[in-house]
Amino acid sequence: MAETITLKIERMTYGTDAIAHDASGKTVFVYGGVPGDIVCAHITSNNKTFSKARVTKILETGPYHREAACSFVELASGCPWAQITYDQQLVAKRANVVDALKRIGHFDPLYAENLVDECTSPSYEWEYRNKLELGFTRNHGRAQLGVHALNTNELLKLDTTKLLPKQLANLPKSISGALSYLSNSHNLSFTRVGIRTSKRTNDVEVALWTEPGAFPRAQVARVLNDACKLTSVVRVMSKGPAKARKIAGVERLSGKGYWTEKIANETMYLSAPSFFQVNTKGAERLVELMMEGLKPQAHDVAMDLYSGAGTFTLPLARACSFVHAVESYGPAVKDLRRNVEKAALCNVAVAGGDAAREFPHCEADIIVVDPPRAGLAPEVIDLLCKQPARAIAYISCDPPTLARDLARFAADGTFAPVRITPVDLFPQTFHVETVTILFRT
């Protein structure tokens, strides 16, 4: 018979689990735990140094436990922290950044504590997302769309969401219904379905990710537009292994064929494959922190690595004499060039390619790096440390890789962090964005 034990939940990990300790002092990672709760937990795996468990019953709720405002489907997928009071979510996110600096970066605990600001919350804790993705599968031959459960990857039907703007809460149900009908009647399959919305421009785009091949374009566009009011429907064709798919083409099925969003004083034009932060107010706060930290001057030459479609490039170009922007993802490079042109900026040089290979041959005064979750390659850190820049802004979506990279900067000794600000772009989840400002030592 499986073991069940009583535990007091202590704190959250950088993940969906909480941490507790059993009677012997062994660490237990508990799925479904909320700090302060006393729970019965079923042991799911036992190792020499730690165990894993799942909450089966809450014996006593702690001060940070609340009823989840979302549905069970969202609690199991996009909102795993929804049962934790929001103030405590912010506390836990800051603590996870500090913990990564100590545990992975091997920084002095007091130094790490003093380096990290309180976690700032730029948006509401609900209705903050401008993007949602649906998965697709076939169940007994019938099409099914939904969101993936975090622990089991089971596809769960999503009828309504508290993450999109209120007036669009039922959009997943409408789109799923239309695509299920199309899929069953035309034997269509989708890799995934992307939904992008904007409160500021009123754009609503649906992107259908498919394999290349024959596709009933006109009928798909008509059925989707009958189901909901859309400004753009596109088809993104991709091929290759699941973890290394390449874009084979993008087709406009109806509407504009792209999505727009206003951020600060800029309008961004984005194709479906291009990355943009899912929280627009959060993205604005990142820009503010970057500008406040770097203090760009009119004579400055700036560098923006992993620039994407230009979230940081455009405000830097307005403030500096010149910006060198580097981006490796083809669709984002095209969008960046379009956004620079639409903004009527003539002081930006755009390079498409890997950051290390296309590292600008210039001496920059200020630098922005916004790498993917994997962080900075060692060779990029080496190149950065050879720059005469007075400051670097490092935007990170992953505290562990940030801590690793800051340790590499520390080992070189050229740049040192002076402030790390966690920004909550992802309420109800464990994810946190950070803006780190490094000064020349």
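In what follows, the structure referred to is the one given above.
Analysis parameters
Residues numbered from 1 in each chain as written. Predicted model: local features only at pLDDT ≥ 70, side-chain atom pairs only at ≥ 80, totals over all residues. Heavy atoms only, no water. Helix = DSSP H or I, 4+ residues; strand = E, 2+ residues; numbered from the N terminus. Rg over C-alpha atoms; globule rule 2.2 N^0.38 Å. Contact = heavy atoms within 4.5 Å. Pairing = 2+ DSSP bridges. Core = buried A, V, L, I, M, F, W, Y, C linked by side-chain atoms within 4.5 Å. Buried < 20%, exposed > 50% of the residue type's maximum accessible area, 1.4 Å probe, protein only.

### Examining the overall build of the protein chain
Link 1 in the chain: Tallying secondary structure elements over the protein chain gives 10 helices and 22 strands in all.
Link 2 in the chain: The C-alpha atoms of the protein chain give 23 Å as radius of gyration, which agrees with the globular expectation for 441 residues (22 Å, within 12%).
Link 3 in the chain: Across its three principal directions, the C-alpha atoms of the protein chain cover 70 × 60 × 35 Å.
Link 4 in the chain: In the protein chain, once contacts between residues fewer than 6 apart in sequence are set aside, the share between residues at least 24 apart is 63%.

### Looking at the sheet that holds strand S1 (residues 4-8)
For sheets, the rule is that strands pair by backbone hydrogen bonds, running either parallel or antiparallel.
Link 1 in the chain: Strand order in this open sheet of six strands is S1-S5-S6-S4-S3-S2, and the pairing throughout is mixed. The open sheet terminates on both sides in strands that have one partner only, identified here as S1 and strand S2 (11-12).
Link 2 in the chain: Across five bridges, S1 lies against strand S5 (residues 38-46) in antiparallel orientation. Within the sheet, the bridge partner assigned to Thr 6 lies in S5 and is Cys 40.

### Points about the nonpolar core
Link 1 in the chain: Counting residues in each nonpolar core, the largest one holds 43 residues, and the members touching the most others are Met 290, Leu 316 and Val 368.
Link 2 in the chain: The residues touching Met 290, leaving out its near neighbours within four places in the chain, are Phe 312, Pro 315, Leu 316, Val 368, Ala 393 and Val 435.
Link 3 in the chain: If you look at the next biggest cluster of nonpolar residues, it comprises 37 residues, including Val 98, Ala 100, Leu 305 and Tyr 394.

### Things to note about the pairing of S5
Along any regular strand the residues' side chains alternate between the sheet's two faces.
Link 1 in the chain: With eight bridges connecting them, S5 and strand S6 (residues 50-60) associate as antiparallel partners. Counterpart to Ile 38 in the pairing with S6 is Glu 60.
Link 2 in the chain: If you look at the hairpin formed by S5 and S6, you'll find three residues sitting between the two strands.

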